[in-house]
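An overview of the molecular structure
So the chains spell out like this:
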Amino acid sequence: VKRKLFAELDAACPSHAILATNTSALSISAIGAAPQRPDKVVGMHFFFPAPVMKLVEVIPGLATAEDTVKTTVEFTESLRKIPVKVKECAGFLVNRLLLPFLNEAAVALQEGAASANDIDAAVVKFGLPMGPFILLDTLGLDVCCHVAETLHDSYGERARTPRILELLHRRQRWGRKNGAGFYIYDDRANDLDAIVAECQAGTGVKGTPFSIERLLYPVVNEAALCVEEGVAGPQEIDVSMLAGIGWPPATGGVLHWADEVGLDVIVAKLEEFKRTLGPRFWPAPLLKRMVGAGYAGKKTKRGFFEYL
């Protein structure tokens, strides 16, 4: 649909016009292949709710000109937003980091590690503005499942869509927009426990332990992969998570927080999770190299950042 639209815009707009698209996961390069001005096509990803959230990811496609990026950054700043340039990849930056967090919350729920209410409460206690299931219901499970499938297609098993999300989507429980998701927003009864039991019957996995680290350490792991791939630098990642999802400001951002916890501690726990919960927790090569080199974070005065 967007490629058709952009081809029509290409014919209607003056040659100097920039064609920008707001999308959570669609390829900017693929959209840019439709018009005859791929150098003028760029991604501008606003965050929900757009009037409130300050972050805008600026995503060049393969053919986007640097002047187009520069103009888009300046335009974003004129809106009093915070632009962060992101190398194109599935999910771009923030959604790519958010996916393992949301997926793991769903897996923990379907395995009976904790209830949706308890998981949401633990996340809010950590300092995020809302729990994962409230967030999923607010965004819409139909949209989230589409984004999850896009990321699974790019990143494989570590990004596999949890069974409980697929079941809720199949039942058209899309969240607040139609009255039921993980929670119920109308007068029907909530049969989430029965759906959890159905998941456990299908997977054979139940009774795994819950901890907030189980949700948060995969975010650090994915951030390390993004640094290694050149998607964004550590400072841009922290700014994006603070401005895009409301990561607790007192921590300084996800990678400052990781440095505070200790990268050696995080790698050791990821290894434990890999053994007990599955290979989706496999530590990023960059994290293991940093720990091996003594870059363990604040306690060694160097991690993702340097500490004097």
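Notes on the structure in this doc start here. (Residues numbered from 1 in each chain as written. Predicted model: local features only at pLDDT ≥ 70, side-chain atom pairs only at ≥ 80, totals over all residues. Heavy atoms only, no water.)

1. As for the overall build of the protein chain
Going by this rule: Starting at the N terminus, helices and strands are each numbered in turn, a helix being any DSSP run of H or I of at least four residues and a strand any DSSP run of E of at least two. Note on method: radius of gyration uses C-alpha positions; expected globular size equals 2.2 Å times residues raised to 0.38. Only protein chains enter the accessibility calculation, which uses a 1.4 Å probe; a residue whose area is less than 20% of its type maximum is buried, one above 50% is exposed, and one in between is partly exposed. Should any heavy atoms of two residues lie within 4.5 Å, those residues are counted as being in contact. Accessibility throughout is a Shrake-Rupley quantity obtained with a 1.4 Å probe, and a residue counts as covered only by protein chains that appear here. Asp and Glu count as negative and Lys and Arg as positive, but His and the ends of the chain are not part of the count. By convention, the charge on Lys lies at NZ, on Arg at CZ, on Asp at CG and on Glu at CD.
A count of helical and extended segments in the protein chain gives 14 helices and four strands. Here the protein chain has a C-alpha radius of gyration of 20 Å; the compact-globule value for 308 residues is 19 Å, and the two agree. Dimensions along the principal axes, computed over C-alpha positions, put the protein chain at roughly 60 × 55 × 30 Å. Across the 308 residues of the protein chain, 50% fall into the buried class. The long-range share in the protein chain, meaning contacts at least 24 apart out of those at least 6 apart in sequence, stands at 66%. With an accessible surface of roughly 14100 Å², the protein chain has 57% of that area assigned to carbon and sulfur atoms. Taken as two groups, the 34 positive and 36 negative side-chain charges of the protein chain have centres that lie 1 Å from each other.

2. Quick notes on the sheet that holds strand β1 (residues 19–21)
Worth spelling out the cut-off: Strands were regarded as paired on the criterion that DSSP finds at least two bridges between them. The convention used is that axes are lines fitted to C-alpha atoms, helices contributing only their stretch in contact, and that angles between N-to-C directions extend from 0 to 180 degrees.
Taken in spatial order, the four strands of this open sheet run β1-β2-β3-β4, and their pairing is mixed. This sheet does not close on itself; its edge strands, each paired only once, are β1 and β4 (82–85). Each neighbouring strand pair of the sheet contributes to a mean axis angle of 30°, computed without reference to strand direction. Pairing between strand β3 (residues 55–60) and β4: four bridges, direction parallel. Considered in β4, the bridge of E57 is made with V84. The sheet contacts of helix α1 (residues 2–12) involve β1 and β2 (41–46), and relative to β1 the element is tilted by about 160°.

3. A word on helix α10 (residues 212–229)
The criterion, for reference: An expected span of 1.5 Å times one less than the residue number is assigned to each helix.
With 18 residues, α10 extends 27 Å between its outermost C-alpha atoms, agreeing within 8% with the 26 Å of an ideal straight helix rising 1.5 Å per residue. The element α10 is largely enclosed, with a buried count of 14 among its 18 residues.

4. A word on the nonpolar core
The cut-off we apply is this: In plain words, nonpolar cores are sets of buried Ala, Val, Leu, Ile, Met, Phe, Trp, Tyr and Cys residues tied together by side-chain atoms within 4.5 Å.
Grouped together as the largest cluster of nonpolar side chains are 88 residues, with contacts concentrated most on I164, F182 and I237. If near-sequence neighbours (up to four positions away) are discounted, F182 is found in contact with L109, F133, L136, D137, L141, I164, L165, L168, R173, N190 and L192.

5. Remarks on the packing of helix α5 (residues 116–126) against helix α6 (residues 132–139)
Packed helices, taken two at a time, are described by the angle their axes make and the gap between the axes. Our working rule: Under this scheme an angle from 65 to 115 degrees is roughly perpendicular, one under 35 degrees roughly parallel, and one over 145 degrees roughly antiparallel; angles in between are oblique. Ten residues, namely Ala, Val, Leu, Ile, Met, Phe, Trp, Tyr, Cys and Pro, are considered nonpolar, four, namely Asp, Glu, Lys and Arg, are considered charged, and the remaining ones, Gly among them, are considered polar.
One way to put it is that α5 packs onto α6 with a least axis distance of 7 Å and a crossing angle of 100°. Considering the angle they form, α5 stands roughly perpendicular to α6. Contacts from A116, I119, D120 and V123 in α5 reach P132, F133 and I134 in α6. The class makeup of the residues in the contact of α5 with α6 is six nonpolar, no polar and one charged.

6. What about the pattern of salt bridges?
Put simply, the rule reads: Salt bridges are defined as contacts in which a side-chain nitrogen from Lys or Arg sits within 4 Å of a carboxyl oxygen from Asp or Glu.
Under the criterion given, the structure shown has 21 salt bridges. Notably, a salt bridge pairs E74 with K70, separated by 2.8 Å at the nearest N-O pair. Highlighted residues: E74 and K70, both in helix α3 (residues 66–78), separated by four residues, approximately one helical turn. Looking at E74, the relative accessible area reads 42%, which means it is partly exposed. Among the ionic pairs, K274 bridges to E271, the shortest N-O distance being 2.9 Å. Remark: E271 and K274 occur in helix α13 (residues 263–276); sequence separation between them is three residues, near one turn of the helix. Each member of the pair, K274 together with E271, is buried. Where salt bridges share partners, they join R96, R158, E222 and E229 into one cluster.

7. Quick notes on the layout of surface pockets
What counts, and what does not: Only protein atoms enter the 1 Å grid, on which a cavity is a set of points fitting a 1.4 Å probe that cannot get out and a pocket is an open set with protein on both sides within 12 Å along at least 5 of 7 lines, lining residues being those with an atom within 4 Å of a point. Grid points are joined across faces, edges and corners, and a volume is the space filled by probe spheres set on the points.
Its volume calculated, the largest pocket comes out at about 660 Å³. Secondary structure elements with two or more residues in the lining of the largest pocket: β2, α4 (94–110), α6 and α7 (141–155). Considering every element that reaches the lining of the largest pocket, the biggest residue donor is α4, with seven residues. In this structure, the second largest pocket encloses a volume near 570 Å³. Along the wall of the second largest pocket there are 29 residues; nearest its centre are V107, E157, R158, R160 and R280. Of all the elements in the fold, those that place two or more residues in the lining of the second largest pocket are α4, α7 and α10. Per-element accounting of the lining of the second largest pocket gives the leading share, seven residues, to α4.

8. A look at the packing of aromatic side chains
The line we're drawing: In this analysis, rings of Phe, Tyr and Trp, with Trp reduced to its six-membered ring, are considered paired at centre separations within 6.5 Å, and the interplanar angle assigns stacked below 30 degrees, edge-to-face beyond 60, and tilted for intermediate values. Distance and angle both matter: a charge sits over a ring if NZ of Lys or CZ of Arg is within 6 Å of the ring centre and within 35 degrees of the ring normal.
In the structure shown here, the tally under the stated rule is six aromatic pairs. Residues F133 and F182 carry aromatic rings whose centres are separated by 4.6 Å and whose planes lie at 50° to one another, so their mutual orientation is tilted. Pair noted here: F133 is in helix α6 and F182 is in the loop between α8 (163–170) and α9 (192–203), with a separation of 49 residues, a long-range link. Given the relative accessible area of 0%, F182 is considered buried. An angle of 45° between the planes, with centres 5.0 Å apart, marks the rings of F273 and F281 as tilted. Site record: aromatic cluster; members linked through ring pairs are F126, Y217, W247 and W257. If you follow K274 out to its NZ or CZ, it ends over the ring of W282, 3.9 Å from the centre.

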